[in-house]
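Working through the structure, step by step
What follows is each chain in one-letter form.
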Amino acid sequence: QVQLVESGGGLVQAGGSLRLSCAASGRTFSNYAMGWFRRVPGKEREFVARISRSGGTTYYADSVKGRFTISRDNAKNTAYLQMDNLKPEDTAVYYCAADHLDWGGRQKISEYEYWGQGTQVTVSS
C-alpha cells in the first residue's frame, strides 16, 4: 500500500502561482511513477502531468504545457506540481496518484493504483 497526501491548494488570482505537494508513505516511493490529475465538478477526472520513477522524464496535458512543472524528490518521498500563470479554468480538485509501471506517458485513471484525497485549487478572475 502507498498512502498519498496532497497539500498546497488554495485560492489565487489569475496569473498567480501555487505549488502542490504530494507526500507518500508506505512502499518505496521511487518504485512508482507519479501523476497529477484534476476534476472539475460535473466532469471526469483528467490527466495533468506525469513523472517517471527517476524524475528524468515528464509528460503534460496540452492545456498546462509551459505553465505547470511536475517534479519529485525521492529522498523526501514527495512529488510536486508547480503551477504558474494560473487561469480560472484551472480551478479544480487536484489529485496525485502512483503507478508502479514506468512505461511512457500513461494517462488513464485506471493505470494508477493509489490516489490521494485531493486538494482544492481555486483561481479567481
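In this report, the structure presented in the accompanying data block is examined.

Cut-off values and rules
- Residues numbered from 1 in each chain as written.
- Predicted model: local features only at pLDDT ≥ 70, side-chain atom pairs only at ≥ 80, totals over all residues.
- Heavy atoms only, no water.
- Helix = DSSP H or I, 4+ residues; strand = E, 2+ residues; numbered from the N terminus.
- Contact = heavy atoms within 4.5 Å.
- Core = buried A, V, L, I, M, F, W, Y, C linked by side-chain atoms within 4.5 Å.
- Buried < 20%, exposed > 50% of the residue type's maximum accessible area, 1.4 Å probe, protein only.
- Pairing = 2+ DSSP bridges.
- Axes fitted to C-alpha atoms, helices over the stretch in contact; angles between N-to-C directions.

**Focus: the side chain of S52**
For S52, the location among the structural elements is in the loop between strand 5 (46-51) and strand 6 (58-60). Discounting residues that sit within four places of it in the chain, S52 has contacts with A33, T57, R72 and D102.

**Regarding the environment of E111**
Inspection of the secondary structure assignment puts E111 in the loop between strand 9 (92-99) and strand 10 (114-115). The spatial distance from the C-alpha of E111 to the C-alpha of T58 is 16 Å, given a sequence separation of 53 residues.

**What about the nonpolar core?**
One finds L4, M34, W36, L81, M83 and Y94 to be the most contacted residues of the largest nonpolar core, which totals 34 residues. When residues of this core are traced back to their parent elements, those giving at least two are strand 1 (2-7), strand 3 (18-26), strand 4 (33-39), strand 5, strand 7 (68-73), strand 8 (78-83), strand 9 and strand 11 (119-124). In terms of residues, this core owes the most to one element, strand 9, which gives five residues. Not counting residues within four places of it along the chain, the set of residues in contact with M34 comprises L4, C22, F29, A49, R50, I51, I70, R72, A79, A97, A98 and Y112.

**Topic: the environment of I70**
Along the polypeptide, I70 turns up in strand 7. C-alpha of I70 to C-alpha of R39: the two residues are 31 residues apart in sequence and 18 Å apart in space. Excluding residues that lie within four positions of it along the chain, I70 makes contacts with M34, W36, A49, R50, I51, T58, Y60, Y80 and L81.

**Describing the environment of N77**
Among the secondary structure elements, N77 is positioned in the loop between strand 7 and strand 8. When the C-alpha atoms of N77 and K43 are compared, they prove to be 30 Å apart, with 34 residues separating the residues in sequence.

**What to know about the pairing of strand 8**
Of all six residues in strand 8, five are buried; the element is thus mostly enclosed. As paired strands, strand 3 and strand 8 are joined by six bridges and run antiparallel to one another. In the strand pairing of strand 8, S21 is matched with Y80. Two elements, strand 7 and strand 8, share six bridges in a ladder whose sense is antiparallel. Looking at strand 8, one finds that T69 is bridged to Q82. Counting the residues that bridge the hairpin from strand 7 to strand 8 gives four residues, and of these N77 lies at a positive phi of roughly 55 degrees.

**Regarding the sheet that holds strand 7**
Taken in spatial order, the four strands of this open sheet run 1-3-8-7, and their pairing is antiparallel. What marks the edges here is a single partner per strand, and that holds for strand 1 and strand 7. Geometrically, the sheet is characterised by an average inter-axis angle of 15 degrees between neighbouring strands, direction not taken into account.

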